[in-house]
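Understanding the architecture of this molecule
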Amino acid sequence: MRVLLLGADGFIGRRVTDRLLVDQELQVTVLGRRDSADIRFDLTTGSPGALARFLDAVAPQVVINCAGATYGSSRTLIRANTLAVATVCEAIRRSREPARLVHVGSAAEYGPVPGGVPVSEGAEPRPVGPYGVSKLAGTELVLASGLDATVLRVFDVVGPGAPTASLFGRLAEGLRRALEREESQVRMPDLSGYRDFVDVRDVARAIQAAAVSAATGVINIGSGHAVRAREAAQLLVRASGFEGSIVEENRPVLLPAQAGGPGEHPDRHGSQHGERHGERHVTPYHPGHRAAESRPAEGRGPAGEPVPWRQADVRTARDRLGWRTQVPLEESLGDVWLETACRV
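From a predicted model like this one, the values you see are computed outputs, not experimental measurements. Along each chain, residue indices are assigned from 1 in the same order as the chain's sequence is written. Whole-chain, interface and lining totals are the exception, using all residues; otherwise, since this is a predicted model, local features are given only for residues with pLDDT of at least 70 and side-chain atom pairs are given and counted only at 80 or more. Side-chain measures were taken over the full set of non-hydrogen atoms in the model, leaving aside hydrogen atoms and water.

Looking at the pairing of strand S4 (residues 62–65)
Only protein chains enter the accessibility calculation, which uses a 1.4 Å probe. A residue is then buried if its area is under 20% of the maximum for its type, exposed if over 50%, and partly exposed in between. In this text, helices come from DSSP runs of H or I with a minimum length of four residues, and strands from runs of E with a minimum of two, each type numbered from the N-terminal end. Residue alternation in S4 divides its side chains into two sets, Val62 and Ile64 and Val63 and Asn65, and both sets are buried. Crossover handedness is defined here as right-handed if the route from the first strand over the helix to the second strand goes clockwise, with the strands pointing away from the viewer. On the question of chirality, the crossover connecting S4 to the parallel strand S5 (residues 100–106) by way of helix H3 (residues 74–94) is right-handed.

See the structure below:
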């Protein structure tokens, strides 16, 4: 089978490339902006007609689109996640033998979801922010294209190669610096939310399975389990051997009734123990110490505030792709740390 891969240099794309190249049944051509690509082409500026000519030359049976942007200005995100997808869809339609399209979407397309409930593909998307909006627009273009196409809505991807701007890429880099400099604290954003973490190698397997399947429409790709980001962070801290504390910025403050201890009274600004850094509340937590609050019912924290929740309903991936996760979260985060430590 001839496959054209877009976005081979990204976090997910690199793993997809590794997986496809060892499959003797696949003939892989890489299209991208870098010199390492078989075909040099910029999806954000190139025309559908030019791309269609490349498609006619390669004659792929499947096009896999891992290209896109996660960070940047609204303009950057729209160009990478929406305009580029429009170019791909139009080019495939214009080509002599339209290929099947496997497009990588994002769980950010769903936006906030009810706590405690796995989100299914039938949930109404309500993205928040330019990234989610731009990814949803790309998905809608694929679904409305009339092509033989499927969109894999990927949840929170972790594993080796995680970008330093990602949650665990940032934590791993912070731990490395703290160990080098013998510092006792690493600062992170609030880790109280629940996320559905899935290893990048499992995502690559799902993309390969979708490429050779006949599945169409939207399919969730996740672990199917919601894990508190704070407890996942503990796994990475434990792997690093760091014995200091993680300081969470902007973490919600517990009221006295929920704090549960005599003498634990907020000051007049509501800051626990009067600890305040500018406009940010910080709460240290130590590795190996289990979070004081238990899993909230229906996505509510101990003070009754909503807790961000993300959990995939993965029955469609199981039934239509025959896909399940294989890499445990502890192994995935251990590999994140191993790669970070090896860079020292």
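The rest of the description comes next.
Quick look at the packing of helix H7 (residues 229–240) against helix H10 (residues 329–342)
Where H7 contacts H10, the two axes come as close as 9 Å, and the packing angle between them is 50°. What the angle tells us is that H7 and H10 run oblique. Of the two elements, H7 crosses H10, and the hand of that crossing is right-handed. Residues Ala232, Leu235, Leu236, Ala239 and Ser240 of H7 touch H10, and the partners they reach there are Leu329, Glu330, Leu333, Gly334 and Trp337. Classification convention: Asp, Glu, Lys, Arg as charged; Ala, Val, Leu, Ile, Met, Phe, Trp, Tyr, Cys, Pro as nonpolar; all other residues, Gly among them, as polar. Residues that form the contact of H7 with H10 fall into these classes: seven nonpolar, two polar and one charged. An axis is simply a line fitted to the C-alpha atoms; with a helix, the fit covers only the stretch in contact. Between two such axes, the angle follows the N-to-C directions and lies from 0 to 180 degrees. Throughout this description, any angle smaller than 35 degrees is read as roughly parallel, any larger than 145 degrees as roughly antiparallel, any in the 65 to 115 degree range as roughly perpendicular, and the remainder as oblique. Each crossing gets its handedness from the near helix: less than a right angle anticlockwise from the far helix is left-handed, clockwise is right-handed. In this analysis, two residues are considered to be in contact whenever any of their non-hydrogen atoms come within 4.5 Å of each other.

A look at the pairing of S5
Most of S5 sits inside the fold, with seven of its seven residues counted as buried. Both faces of S5 are covered, namely the face carrying Arg100, Val102, Val104 and Ser106 and the face carrying Leu101, His103 and Gly105. Two strands qualify as a pair provided DSSP detects at least 2 bridges between them. Strand direction decides the pairing type here: S4 and S5, joined by four bridges, are parallel. Bridge pairing in S5 links Asn65 to His103. The sheet contact formed by S5 and strand S6 (residues 149–154) spans six bridges and is parallel. Its bridge partner lying in S6, His103 is registered against Val151. In the classification by handedness, the crossover that spans S5, the intervening helix H4 (residues 129–143) and the parallel S6 is right-handed.

Looking at H10
With 14 residues, H10 extends 20 Å from end C-alpha to end C-alpha; this agrees with the ideal 20 Å at 1.5 Å per step. For H10, every residue scored as buried is listed here: Leu329, Ser332, Leu333, Asp335, Val336, Trp337 and Thr340. The inward-facing, buried residues of H10 abut strand S7 (156–158), helix H5 (167–181), strand S10 (197–199), helix H6 (200–211), strand S12 (227–228) and H7. To estimate the expected span of a helix, count its residues, drop one, and scale the result by 1.5 Å.

Section: the confidence of the model for the protein
Residues of the protein with pLDDT of at least 70 account for 83%, and the chain-wide mean is 87. On a scale of 0 to 100, pLDDT captures the predictor's confidence in every residue. Below pLDDT 50 for its whole length, residues 253–298 participates in 79 contacts with residues either more than four positions away or in separate chains.

Description of the pattern of salt bridges
For side chains bearing opposite charge, pairing can occur when the charged atoms are close. Salt-bridge detection follows one rule: a side-chain nitrogen of Lys or Arg within 4 Å of a carboxyl oxygen of Asp or Glu. What the rule picks out here adds up to 19 salt bridges. Taking the shortest distance from any N to any O, the salt bridge between Arg100 and Asp148 comes out at 2.7 Å. One end of the pair, Arg100, is in strand S5; the other, Asp148, is in the loop between H4 and S6, and 48 residues separate them in sequence. On the basis of relative accessible area, Asp148 is assigned to the partly exposed category, the value being 40%. Residue Arg176 pairs with Glu173 through a salt bridge whose shortest N-O separation is 2.3 Å. Pair noted here: Arg176 and Glu173 are both in helix H5, with a separation of three residues, about one helical turn. The pair formed by Arg176 and Glu173 is uniform in burial state, with each residue classed as buried. A network of salt bridges, in which partner residues are shared, links Glu90, Arg93 and Arg94.

With respect to the sheet that holds strand S1 (residues 2–6)
Spatial ordering of the open sheet is given by S3-S2-S1-S4-S5-S6-S11, a layout of seven strands whose pairing is parallel. Only two strands of the sheet have a single partner each, and these edge strands are strand S3 (39–40) and strand S11 (217–221).

Notes on H3
In a regular helix each residue adds 1.5 Å, so 21 residues correspond to 30 Å; H3 covers 29 Å between its end C-alpha atoms and thus fits that length. The bend at a residue is defined as the angle formed between two axes, one fitted to the seven residues ending at that residue and one fitted to the seven starting there. Taken as a whole, H3 carries its principal kink of about 30° at Ala80. Every buried residue of H3 is accounted for by Leu77, Ala80, Asn81, Thr82, Ala84, Val85, Thr87, Val88, Cys89, Ala91 and Ile92. The inward-facing, buried residues of H3 abut S1, helix H2 (48–58), S4, S5 and H4.

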